[in-house]
Amino acid sequence: MVEHRDVRVVYRGGSRINFREPVISNDSRFLLCAAGEFVKVFSTVTEECVHELRGHTDQVTGVLLRPSNHLQVYSCSADGTIRLWDFTDGILIKTYVVGYPIFSIYASPNHNDVVFVVTCMFQLVAVRLPRCADQRVDVPDLSAVLSDVSSNPAAVAFGRAGGFLASVKGLQMEIYFFKTSKFFLKEDNKKGGRNTFTCVACHPKDDCVATGHEDGKIRLWRNFNHKKEYTYSILHWHHSAVSAVRFTPEGTNLLSGGVESVLVQWRYNQESQKDFLPRLGAAITHLAVSPDGALFCTSHSDNKITIIQSCVRVSAVIQGLVKGENVRTDLMVDPRSKALVLNGKPGHLQFYSLQRDKLLFNLDVVQQEFIHQSGLEQFQVVRAALDASGSWLATVEERKRDAADLELNLKLWRFDEQTQSFELNTTVAAPHEARITAACFDQAASSRTSTLVTSSRDGRFKAWRLAAPAHTDGDGPSWSCDFVGAYHGLVPGRCCFSADGSLLAVAFREVATVWSAASWELLTTLSQPPGDIRDLCFGRMSGSKYLLGTNENKMLLCWNLLSCSLEWSTSMDVRLLLPDPLSENMAAFCFQDGSTDLFVFGPGEPRPLFSQKAVCSGSVTRAVFAPREAELESCEESSQWLNRSQLYFLTQFMVNRKTAGSPGEPTESRWEPLEPGLGFHREPLVIDDAVAMTPFHLLLGKHRRPEAASGLSAERTPPPHGSPAIKEVGSRERSSDNAPLVSQLLQAPAHVLPAASFLCSAFVKSLLVSAAGSSEESRPPEEETESEKEEEESDEETRTRISRPDQESRGARGGREAGGPALTKAQLRELRRIRKLDLGWLAGLMEP
Amino acid sequence: MGEFKVHRVRFFDYMPSAIRAVAFCRRTERLAAARADGSVEIFNFADNYFQEKVIPGRDGRAVEALCWVGRRLFSAGLDGEITEYDLENLRPRYSLEAYGGPVWTISSNKQGTLLAAGCEDGTVKMFEILEDRIQFQRNLDRQKGRIVSLSWHPSGAQIAAGMMDMIRIFDTETGHASHRLLVERGAGASKTQEVVVWSVAFLSDSTIISGDSAGKVQIWDGFTGTLVRTHLVTKWDVLVLSVSPDESSVIAGTSEGTVTQFQFISSAVEPLPGSDRQWVRTRTFKNHSHDVRALVHTDTAVVSGGMDTQLVVRPLLDKVEKNTQESALRKITFPHKNLVSCAKKAGLLLFQFPDHLEVWRLGDSDGNGKPGDILPVKRKPEKLIQLNRKGDDQICCSALSPCGGWLAYSTVCGVRLYRLQLDNNNICINKVSKVPKELCSAQQLCFSSDSSRFFASSSQSSVVVVGLQQLEWRHLQTLRPKSGSREPVNLLAPSEDGRWLVTANTDCEIHVFDLQKLKLHCSLPVYASCPTAVSVHPTSGCLVSVHADRQILEFSLEQKEYTEWSRKLQQQGLHPLWLQRDTPVTAVTFDPRNPAHIILHDAFMFCVIDQTLPLPDAKTNLYNQLVLRSLPPAERSRNGHAFKICKSFQNLLSVALLEDRSLVVVERPLQDIAARLPAPVRQKKFAT
């Protein structure tokens, strides 16, 4: 067992800062908000994060200034604790253990040492916080105040001087008077009326309760101590649900916000006069007012907090990582700013600093007014690509209104050194007729202008080059289409350039095509076991002769471009394959049993440099290698791959994590050791079962069996490294019958067949009577392509036999063997031998 | 329920007139509503909002303000006259020239001794209310600019007058103005336009509330004359204000069609002694598409009327029990009396408009079809005659004889009778001269079924019977009930066989006269609710009356007692849904081929009551026609009940059964009325 001491997964931020209402300190200098498991303290002036209050072990669900001491703050969390902090120094003062997950926290000024929390079962509970000197205190004293409270923290509010409590849920509002007892107000459910309550606020001076409703109305309730004579007035400006209402501390104004992303300020008692602060960027989710009323602050659905001075001027914007509905573009790293680039707000591309966990800027790609309305199709940035130097950026935006009409735009942006920002150079309207599946620049680090390739579902890929303007009056060079490529009408999938920019690989369904970037000539096609290619990338540096791909059939494949043959392949459900631009390493994320495993390997050999199972639960959707600022000098083999770069990935739940080597910190995880040598060659594990049993197969099946057995014995003595896959495949090629090769030659579509010169020798050989035990190592490499194809049709026996050892070693599905064909003696012997092999790493891999 | 061939008539171009003013008398619970054509309608709020009386208007007399003084009703208009109405004979009693130009408003003090009129020339004129008339008493200090609105302080010592750009407070003792409250003009372009204080309200704590043309509702302190608070309600005009009787709530009607409520509430839930209450804008009701010109705040409801001709009663849910009949919103659009008379034998329709009459011949069709089919029209309906009235007074009632040979109408000045002769293409109409002197004016007119007699209700519930011969009419008898009621007759119904004549008056009395003996046969026991439709069964001689509370009574004229069926119905009670219907039944007819069937209708349904079938109890489905249709015939009879209700015709003005057993249904879709209204000031548009 080897411990990889200093590789671990660190949560790097990008958490939601708009999860709960932020809190402004009494002196208006700090803004506190819940961010994941931390409470972040921001400066309201500089927008910088001053402290992170760390201590909770689960999502922080509420932050509240302590009413009796304005320099302290309570925070509550789903881990069932309430913690008291000194937020100016960032010190944890006390931990109160409640024991139940807490959804929100409230306090009122006339209840000393009591906080009100909403726990599970949706009860509002009064918690008396004991006074004692201990750091960690169990809270014994819980008393339920209201049951059936909404889990939305905006649905509960304390009234004037803490005298009553208003809680809304569904169509019902409850007002609880602490002196007397509770009392209901029930809204009539008018037919078709959408007057569900969404939020509530109480006037600080008058007995007036403001409620926001689903239909965009705000109701001001008064006189609610009488059973019948309560009365309300309606303020209606919002067209969609009101998500937040708040009174200013003096009660002179009422603030409200909703999906319109307009902050509306109503004059209390003169509601026809209202002020607006429009264009706040995204839907308002929470509102907060500083205790002196000077600062307002709005949380937005795009993970942003805006600080507003006296309702007229936006003074600061604290922007977290914007998470739209999904990340449509790949993650990229801007070579200049080292910022992470991905789509953010609708129609924008965001540049997010990984080091500082801060959004640097948004590039408005679509350059259209965003209409805040639910259900409206908007332009979305779906693809983006940066060239190696970071001087060109390509973006693809699309809008799909219905099945028929798709609007597509390809935009190319040049980095302007003077303004230090991207400027639009070329807009190509409708570059393709259907969705663009991939866009990439050639990554050659030379100064010459690079090439952009886009591939689309319309069956074409296009290469775009910067061309001098045709007319002299043009502003400068612009991009134009250089080449349109297609391959047998198949839909292109991924495309990528080799590191030197000379080759372009485009995946067409199950065929990988390699084109010369200089002449746009189809150099070769690489086909492989069935399954559409999912991912494709060239090796870097010393591994640049390899092209790696993954396919739908859970295969990881590596072709040697020099021999145009499959170098090796292995069966892994690789969801994401990405090369490190600064080294030759590749990272593969495999999804297995509800969690994701990470493998790092060099393309030359199918041996992982590093592997970690269960990096995170759920699947990893996007990942990127980001270069380090300073290279690390790590000697340990397993963490060397992190010397130059860090690997960041986004999990399904959109949390940004990083695998980082940080030698100073204690190890958190232990790694299962990997046996070198056995490596990744398990390729026939998954073979197409749908192959027809041809008559040839049935005829020749019997006398082929002994050959197969002997072939297997030869097969399982591989050299330690080198090219085990070739050998293995070669041996099987011999062992399998020749007749299927002939039939396959006849059956296979012409376009997936290699050149006739390749096939000739194999065909001739197939006509010969094969001699058992003949050496295959001398076989010329060009036979691999056919052997590979053979693999698709390789006979049942070989398949079961080879797949068996793995199952056997795990002993998981041994019972199934009874149903399989009878094993020959040679096979049994082989099995026994395999059992002796150390397959512990495999077991570790398979365990959930 | 039987099959009928239906004439679906939509060519009655009835257009109600806009409501200009309303006044509510709390003591009698009567609401008077004045329309733009000068007619005044009296609704009895205690009796299911039944429209008891209609006083026809007169051309050139627009009513601008109404005022109840006790049981007396006064109106004033831009013709400069103050009129008192004779509510027994449904006509103006007298008119008095105020000599101050057009009168914009009148208002009486709470004691009912003085009537103040605000005039165009800037004077507030005080009239003393005497027993039988009013008498000019004095002028208050004359101001520059017209007096648009007036409100008395409940003590009667002060009166507030809304004017152009200002409000004046007068001392009624001295007649001098004590305060001048300047009202700010609107912002922007309307800065140069003077602001009209359309309405003022003077509360007992000397708070003055004003509504003006700049869209503001302002609250003033009447002691100091200072502005307390301004509520900007609308961008257009606040036209009318009304204060609740307990002065805790004020409503304001605007030209947007909204009614805004202001309530006098304390800011704290548990008010400390001396804690201040303030006027807070609370609810907004939007029941009108056009200007709300007339508004009354009763104890439990907001009653509003305006340009869109509807009278809307919106109960305040905090004052009434929820989910009761009282808490339902009511819209009164159509008059509660028949404007259509049908010549059953001739197939003619007479439509009554305020200024003319129209006679139409119904179309014809020879097709036969399944129930629900639309038959092809062979002969189009045809307008035969348009008869314009003579004089300035509006037509108050009209009648067409069943044979189609006679036509009569009445105004407050007199009755006119015409002889109609319709040969194939020859239309001939002759006025019958020599009016019997007993016939001076009538509230109701009708012809006997054989068209040989003509009945006209006259003053003090009496009925004048006139015999008709060729181009001649002769007074036969004046029938008087014994009760001596002074109330007007609102229903006249001769029986089919010519034996009986039934009269009903607004005192809820029903009298039956024997036409052969020309004397009173009997009087029915007085039911608490006013009858809205009466009719005598052609064969059995039973009298069926339907009342404003939707009760149905059947009275045998032979036995002079309620019939067995009527007693059973009273015992079992009517279905709650039937009692909750909000328009009165305005006609009862019988199907001569099916003696057990009673046909009646209100504005939104017509109903056939089969007396042979069991009565529905509270749990059965009242509107079960659709359910029945889906059942097999055997089960249909088992599930049926006496009330067979058809709702396929809406906004009904009249339903009549012709001789040939085809049904005439006169509809007036509300959309057609709305389409003829002027464009509203403001239509709600999204995001405005």
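Criteria and cut-off values
Residues numbered from 1 in each chain as written. Chains lettered and ligands numbered in written order. Predicted model: local features only at pLDDT ≥ 70, side-chain atom pairs only at ≥ 80, totals over all residues. Heavy atoms only, no water. UniProt positions renumbered as here; feature names shortened; annotations may be inferred. Domains from an automatic or database assignment. Contact = heavy atoms within 4.5 Å. Buried area = accessible area lost by both parts, 1.4 Å probe. Salt bridge = Lys/Arg side-chain N within 4 Å of Asp/Glu carboxyl O. Polar contact = N/O pair within 3.5 Å; in protein donor to acceptor, adjacent residues only side chain to side chain. Nonpolar A, V, L, I, M, F, W, Y, C, P; charged D, E, K, R; others polar. pLDDT = per-residue confidence, 0-100. Helix = DSSP H or I, 4+ residues; strand = E, 2+ residues; numbered from the N terminus. Patch = residues over 30% accessible without salt bridge, like charges linked within 9 Å, V, L, I, M, F, W, Y side chains within 5 Å. Areas by Shrake-Rupley, 256 points an atom, 1.4 Å probe, with all protein chains shown as cover. Lys, Arg positive; Asp, Glu negative; His and termini not counted. Charge placed at Lys NZ, Arg CZ, Asp CG, Glu CD. Buried < 20%, exposed > 50% of the residue type's maximum accessible area, 1.4 Å probe, protein only. Pairing = 2+ DSSP bridges. Axes fitted to C-alpha atoms, helices over the stretch in contact; angles between N-to-C directions. 1 Å grid on protein atoms, 1.4 Å probe; cavity = no way out; pocket = protein on both sides within 12 Å on 5 of 7 lines; lining within 4 Å. Points joined across faces, edges and corners; volume = space filled by probe spheres on them.

Per an unreviewed UniProt entry, chain B goes by the name UTP4 small subunit processome component and belongs to Kryptolebias marmoratus.

Chain A has the name WD repeat domain 75 in an unreviewed UniProt entry, where Kryptolebias marmoratus is given as its organism. UniProt, in its Subcellular location (unreviewed entry) section for chain A, records the words "Nucleus, Nucleolus".

J.: How should the domain arrangement of chain B be read in this particular structure?
T.: How big an interface is tends to be stated in terms of accessible area lost as the parts join. Residue and element names in this part refer to chain B. The domains assigned to chain B are domain 1 (20–253) and domain 2 (339–481). Contact with domain 1, which involves 9 residues of that partner, is made by 11 residues of domain 2. When residues of domain 1 are sorted by the area they lose upon contact with domain 2, Pro-56, Arg-58 and Asp-59 head the list and together hold 46% of the total. On the surface where domain 1 and domain 2 come into contact, there are 3 salt bridges. In this structure, the salt-bridge partner of Arg-58 is Asp-392, at a minimum N-O distance of 4.0 Å. Linking domain 1 with domain 2 are 7 residue pairs in polar contact (both at pLDDT 80 or more), by the criterion used here. Tallied by class, residues from the side of domain 1 that touches domain 2 come to 2 nonpolar, 3 polar and 4 charged.

J.: What is the right way to look at the confidence of the model for chain A in this model?
T.: Interpreting fine coordinate detail is not advised for predicted regions of low pLDDT. When the pLDDT values of chain A are averaged, the result is 74; 71% of them are 70 or greater. Model confidence for chain A, summarised as mean pLDDT per element, is weakest for helix 2 (residues 724–735) of chain A at 33 and strongest for strand 23 (residues 242–247) of chain A at 93.

J.: Sorry, what's going on with the domain arrangement of chain A here?
T.: Residues and elements named next belong to chain A. Segmentation of chain A into domains returns domain 1 (18–149) and domain 2 (153–319). Look at where the C-alpha atoms of domain 1 and domain 2 centre, and you get two points 22 Å apart. On the domain 2 side, the residues contacting the 28 residues of domain 1 number 34 residues. Summing both partners gives a buried area of about 2,600 Å² for domain 1 against domain 2, and 66% of it is carried by carbon and sulfur. Three residues stand out in domain 1 for area buried against domain 2, namely Asn-18, Ile-24 and Leu-146, and they jointly supply 24% of the buried area on that side. There are 2 salt bridges connecting domain 1 and domain 2. Asp-148 is the salt-bridge partner of Lys-169, the closest N and O atoms lying 2.7 Å from each other. Summed over the shared surface of domain 1 and domain 2, the result is 8 residue pairs in polar contact (both at pLDDT 80 or more).

J.: Please clarify how a negative patch on the surface should be interpreted in this entry.
T.: A cluster of acidic side chains, namely Glu-496, Asp-497, Glu-659 and Asp-660 of chain B, defines a negative patch on the protein surface. Looking at the element boundaries, Asp-660 of chain B is found in the loop between strand 54 (652–657) and strand 55 (662–667).

J.: How should the pairing of strand 40 (residues 451–456) of chain A be read in this particular structure?
T.: If a strand is regular, its side chains alternate between the two faces of the sheet. All names here are of chain A. Summarising burial for strand 40: 6 of the 6 residues are buried, a large majority. Across the two faces of strand 40 the burial is the same, with Thr-451, Val-453 and Ser-455 and Leu-452, Thr-454 and Ser-456 all buried. Across 5 bridges, strand 39 (residues 436–441) lies against strand 40 in antiparallel orientation. Looking at strand 40, one finds that Ile-436 is bridged to Ser-456. Both strand 40 and strand 41 (residues 460–467) contribute to a ladder of 5 bridges, which runs antiparallel. Bridging from a neighbouring strand, Val-453 pairs with Ala-463 of strand 41.

J.: It is not clear to me how the environment of His-300 of chain A should be interpreted in this structure. Could you clarify?
T.: All names here are of chain A. Relative to the helices and strands, His-300 is located in strand 28 (residues 295–300). Through-space distance from the C-alpha of His-300 to that of Ile-17 is 9.2 Å; in sequence the pair is 283 residues apart. Beyond its immediate stretch of four places on either side in the chain, His-300 contacts Asn-18, Leu-280, Ala-282, Ala-283, Ile-284, Thr-285 and Thr-306.

J.: What's the story with the sheet that holds strand 53 (residues 643–646) of chain B in this structure? I'm lost.
T.: Strand pairing in a sheet takes place through backbone hydrogen bonds and is either antiparallel or parallel in direction. Residue and element names in this part refer to chain B. Overall, antiparallel pairing links the 4 strands, which are arranged 50-51-52-53 in an open sheet. The outermost strands of the open sheet, each flanked by one partner alone, are strand 50 (587–590) and strand 53. Strand-to-strand twist across the sheet, computed as the mean angle between neighbouring axes with direction ignored, equals 20°. Here 4 bridges tie strand 50 to strand 51 (residues 597–602), and the two strands are oriented antiparallel to one another. Bridge pairing in strand 51 links Phe-590 to Ile-598.

J.: So what exactly am I meant to see when it comes to unusual backbone geometry here?
T.: Generally, phi is negative for residues other than glycine and the peptide bonds are trans, each holding for most cases. Residues and elements named next belong to chain B. Although it is not a glycine, Asn-48 sits at a positive phi angle of roughly 55°. Relative to the elements of secondary structure, Asn-48 occurs in the loop between strand 4 (40–44) and strand 5 (50–55). Judged by its relative accessible area of 26%, Asn-48 falls in the partly exposed class. Of note in the backbone geometry, Asn-651 takes a positive phi value of approximately 50° without being a glycine. Within the secondary structure, Asn-651 is located in the loop between strand 53 and strand 54.

J.: In this structure, what is going on with the UniProt feature "repeat: WD" (unreviewed entry) in chain A? I would like to understand it.
T.: Residues and elements named next belong to chain A. UniProt feature "repeat: WD" (unreviewed entry): in the numbering of this structure it lies at residues 53–95, 190–221 and 235–276. Helix and strand shares over residues 53–95 are 0% and 58% respectively, and the end C-alpha atoms of the span are 13 Å apart. Here residues 235–276 is 0% helix and 62% strand, with 14 Å between the C-alpha atoms at its ends.

J.: Explanation requested: empty space enclosed by the protein in the structure shown.
T.: Rolling a probe over the atoms, with the probe sized like a water molecule, indicates the empty space that remains. Residues and elements named next belong to chain B. In the structure shown here, the tally under the stated rule is 15 cavities of 30 Å³ or more. When its volume is computed, the largest cavity comes out at roughly 580 Å³. The wall of the largest cavity is formed by 41 residues, among which Val-54, Lys-337, Leu-339, Gln-352 and Cys-396 lie closest to the centre. The set of elements that each furnish at least two residues to the lining of the largest cavity consists of strand 5 and strand 42 (489–494). The leading source of residues in the lining of the largest cavity is strand 5, at 5 residues. Residues of the lining of the largest cavity, tallied by class, amount to 19 nonpolar, 16 polar and 6 charged. Summarising the domain contributions, the lining of the largest cavity has at least three residues from each of domain 1 (20–253) and domain 2 (339–481).

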